[in-house]
Each structure stands twice: as structure tokens, then as C-alpha cells.
Amino acid sequence: MTDLPVRTEKKLGLLIDLDICVGCHACAVACKEWNDGGQFGPLTDEDPYGAEPMGVWFNRVHSYTVDPAVPQESGHCGASSPPAGPAGRLGLSLHFPRSCLHCEQAACVTVCPTGASYKRAEDGIVLVDYDRCIGCKLCSWACPYGAREYDQAQGVMKKCTLCVDRIYNESLPEADRQPACVLACPTGARAFGDFADPSSVVSTRSAGRDPQALMPELGYEPTNRYLPPRPRRDQTPEAKADDTLNPAELPTVLRWLDRMLSR
Ligand code: SF4
Ligand code: SF4
Ligand code: SF4
């Protein structure tokens, strides 16, 4: 079994603003592109140009529609507009990017029998040493967020590295020393930084927005945080007439997401 550091100097992670994520998948594609060629690649692709391409993705984006009044757990994928909810109002489209959350209490590390999974004391990043990994998959069973990806071809476990081979790479211009997903995001929904530093971009952007950890009740203490969607204006003619916000109707989106991910 592998020990976690008692404390980490930094808590590097991602802040994802669900209010402005448009579900474009640019982050997922940029992640795949960088990790296909970077220090931790190549990611395995099977039949990449065939009818049924398969491969390893570290970053996935899930899209859902939630009715503002009654949570509708209907998947919404590729439709031009979200379906109307039972109250006749348009549903809220919610796009939810998912990758490793670089947990403080990462059970994926403590279950690892070989020491291949580890959390770095200097910055909190959780990594896998492929030379030590025996492909037993215990870490993927331990991770409640589905963040581990087994590489069938190499027989080792892989996952988001927070682009550790970009963020410390001094041959890159300083502005480019960011995870590939953050650089690719066209809406600025993603930010990278040190959650232990109150002056970092992730801390200052979180101020006043009630940043949420995913499934905190499990005790993994994820480092990454999600900013929940702001309440939408009601689009019914009656509501438009007085044009008021009704935040009480917004479902607890992240609790709902927890249920979806727990299936
Ligand atoms: S999200 Fe999963 S893989 Fe990543 S640190 Fe947490 S438990 Fe481990
Ligand atoms: S698959 Fe590899 S990293 Fe995961 S628990 Fe087994 S040895 Fe450790
Ligand atoms: S690139 Fe940005 S806007 Fe597009 S899916 Fe990813 S987080 Fe959302």
C-alpha cells in the first residue's frame, strides 16, 4: 500500500465554471492531442480512423438537460435545442467536464500495491509511475470519479497528469505553462492554479461563487472545484412580464450530478 504525503506545499488543480462551459469538447480534444505526443503518452488508440474508434481519454464532457422547476435526468446529446420541461419552460443545458480531481485523500494511491500511484508532496499532483504499474486496476475501482483509464495495449493505468510536462516546462513561454485543456477552452470556463494560495486565479475567481467539490461526503477531498450555474431568468410569458429571477427554482445541480455519476 502506498502512503499519501502528510501535507502538500501547493494544491494545484482546476477550477471549472459550469455557468459558462458550452460543452464544445475542445478541452477533451486538446488533452488527447497533447497526451498523444507528450512525456506521458502516447495514449493508446485502437482503430483510430475506422468505424468504431476506441481509445484512452483523460478528460470527458457530459451534457445533460435539467428542467429549472423539476430536475429531469434526461441525457441531452447533439439536439439543436434542449427539450421543454414539464412546466413548458426550456430546460437548462448543463455541460460537465470530468477528469482526475487530484484528491487530497486519494484512495487510488493508498490502494496501490506497488507504489506506482503517488501524490507529490510539492504540488499535490497525483501521478502513475508506469514502470511500477502492474495493471491490477485496484486504483480504478477505488476512484469514485471514473478518472482512471486502463491502457489495454501497454497494460498500465493512466490518468490526467494536470499536464505536469507543460506547467513546469521552461522551454515554453510562461503564458503557455498551463494544462492543455485550459489553454484550449474558448470560453474561459477553465482555470488552473494553486488552491492553497488565496491570491491565485482559482482562489480569486472562486470568491463569492460557492465553489463545489464533487461528492465531498466520500471524504476524498478533491482539489478541483466546480462553480455552479447561476440562476436563469424564467422564460414563461408571465415571468417575462415582471422579469424577475427565481433562484429558488434552480435545482441543486451538483447534488444531481453526484447521483448521475454514482450510477
Ligand atoms: S479523482 Fe480518482 S484518480 Fe484522481 S486523485 Fe481522486 S481518486 Fe485518484
Ligand atoms: S493498476 Fe497500477 S497504479 Fe493502479 S493500483 Fe494497480 S499497480 Fe497501482
Ligand atoms: S473547452 Fe471549455 S467550454 Fe468547451 S467543453 Fe471544455 S470546459 Fe466547456
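Keep in mind it's a predicted model, so treat the numbers as computed, not measured. (Residues numbered from 1 in each chain as written. Chains lettered and ligands numbered in written order. Predicted model: local features only at pLDDT ≥ 70, side-chain atom pairs only at ≥ 80, totals over all residues. Heavy atoms only, no water.)

**A word on the site of ligand 1**
Stage number 1. Ligand 1 sits among 13 residues. The nearest are C100, L101, C103, C108 and C143.
Stage number 2. Here the residues of the shell around ligand 1 sort into 10 nonpolar, one polar and two charged. (Near = heavy atom within 4 Å. Nonpolar A, V, L, I, M, F, W, Y, C, P; charged D, E, K, R; others polar.)

**With respect to the nonpolar core**
Stage number 1. Core analysis: the largest hydrophobic core is formed by 45 residues, its most contacted members being I125, Y145, L162, F192 and Y226.
Stage number 2. Setting aside its immediate chain neighbours within four residues, L162 contacts L12, G13, L14, H102, I125, I167, P179 and F192. (Core = buried A, V, L, I, M, F, W, Y, C linked by side-chain atoms within 4.5 Å. Buried < 20%, exposed > 50% of the residue type's maximum accessible area, 1.4 Å probe, protein only. Contact = heavy atoms within 4.5 Å.)

**Things to note about helix α1 (residues 26–37)**
Stage number 1. Helix length check: α1, at 12 residues, gives a terminal C-alpha distance of 17 Å against a target of 16 Å (1.5 Å per residue), a fit within 8%.
Stage number 2. When we look at burial in α1, the residues that qualify are C27, A28, A30, C31, K32 and N35.
Stage number 3. Packing partners of the buried residues in α1 comprise β2 (45–46), β4 (60–66), α5 (180–184) and β11 (190–194). (Helix = DSSP H or I, 4+ residues; strand = E, 2+ residues; numbered from the N terminus. Expected span 1.5 Å × (residues − 1).)

**Considerations on the packing of aromatic side chains**
Stage number 1. Under the criterion given, the structure shown has two aromatic pairs.
Stage number 2. Seen in terms of ring centroids, F96 and Y226 are 4.9 Å apart; in terms of plane orientation they differ by 35°. Their pairing is tilted. Here Y226 lies in strand β12 (residues 225–227) and F96 lies in strand β6 (residues 92–98), a separation of 130 residues in the sequence. Y226 shares its class with F96; the two are buried.
Stage number 3. Here Y145 and Y220 contribute two aromatic rings whose centre-to-centre distance is 6.3 Å and whose plane-to-plane angle is 85°, an arrangement assigned as edge-to-face. With Y145 in the loop between α3 (138–142) and β9 (149–151) and Y220 in the loop between α6 (201–206) and β12, this residue pair connects regions lying 75 residues apart in the sequence.
Stage number 4. Residue classification places Y145 among the buried positions, given a relative accessible area of 3%.
Stage number 5. Classification of Y220 as buried rests on a relative accessible area of 15%.
Stage number 6. Of note, K32 hangs over the ring of W57, and the distance from its end group to the ring centre comes to 5.2 Å.
Stage number 7. K137 extends its terminal NZ or CZ atom over the ring of Y150, reaching a point 4.3 Å from the ring centre. (Phe/Tyr/Trp six-rings, centres within 6.5 Å; stacked < 30°, edge-to-face > 60°. Lys NZ or Arg CZ within 6 Å of the ring centre and 35° of its normal.)

**Re the pattern of salt bridges**
Pairing is possible between side chains of opposite charge, provided their charged atoms come close.
Stage number 1. All chains considered together, the criterion is met by nine salt bridges.
Stage number 2. The shortest N-O distance in the salt bridge between E104 and K11 comes to 3.2 Å. You can see E104 sitting in the loop between β6 and α2 (107–110) and its partner K11 sitting in the segment before β1 (12–17), a full 93 residues away along the chain.
Stage number 3. Given the relative accessible area of 18%, E104 is considered buried. (Salt bridge = Lys/Arg side-chain N within 4 Å of Asp/Glu carboxyl O.)

**A closer look at the sheet that holds β12**
Stage number 1. Strand order in the open sheet made by the three strands is β11-β1-β12, with mixed pairing throughout. Of all strands in the sheet, those bounded by a partner on one side alone are β11 and β12. The mean angle between the axes of side-by-side strands here comes to 25°, regardless of whether they run parallel or antiparallel.
Stage number 2. Strand direction decides the pairing type here: β1 and β11, joined by five bridges, are antiparallel. (Pairing = 2+ DSSP bridges. Axes fitted to C-alpha atoms, helices over the stretch in contact; angles between N-to-C directions.)

**Section: the site of ligand 2**
Stage number 1. Near ligand 2 there are 13 residues, and of these C112, C133, C136, K137 and C139 occur at the shortest range.
Stage number 2. Broken down by class, the residue content of the shell around ligand 2 amounts to nine nonpolar, three polar and one charged.

**Regarding the pairing of β1**
Stage number 1. Buried residues dominate β1, accounting for six of its six residues.
Stage number 2. A two-sided burial pattern is seen for β1, the buried positions comprising L12, L14 and I16 on one face and G13, L15 and D17 on the other.
Stage number 3. Relative to β12, β1 runs parallel, the two sharing three bridges. For L15, the partnering residue across the bridge sits in β12 and is R225.

**Side note on the confidence of the model for the protein chain**
Stage number 1. Per-chain confidence: the protein chain averages 85 in pLDDT, with 77% of residues scoring 70 or above.
Stage number 2. Below pLDDT 50 for its whole length, residues 71–87 participates in 35 contacts with residues either more than four positions away or in separate chains.
Stage number 3. Residue range residues 242–247 is modelled with pLDDT below 50. Its contacts to residues more than four positions away, or to other chains, number seven contacts. (pLDDT = per-residue confidence, 0-100.)

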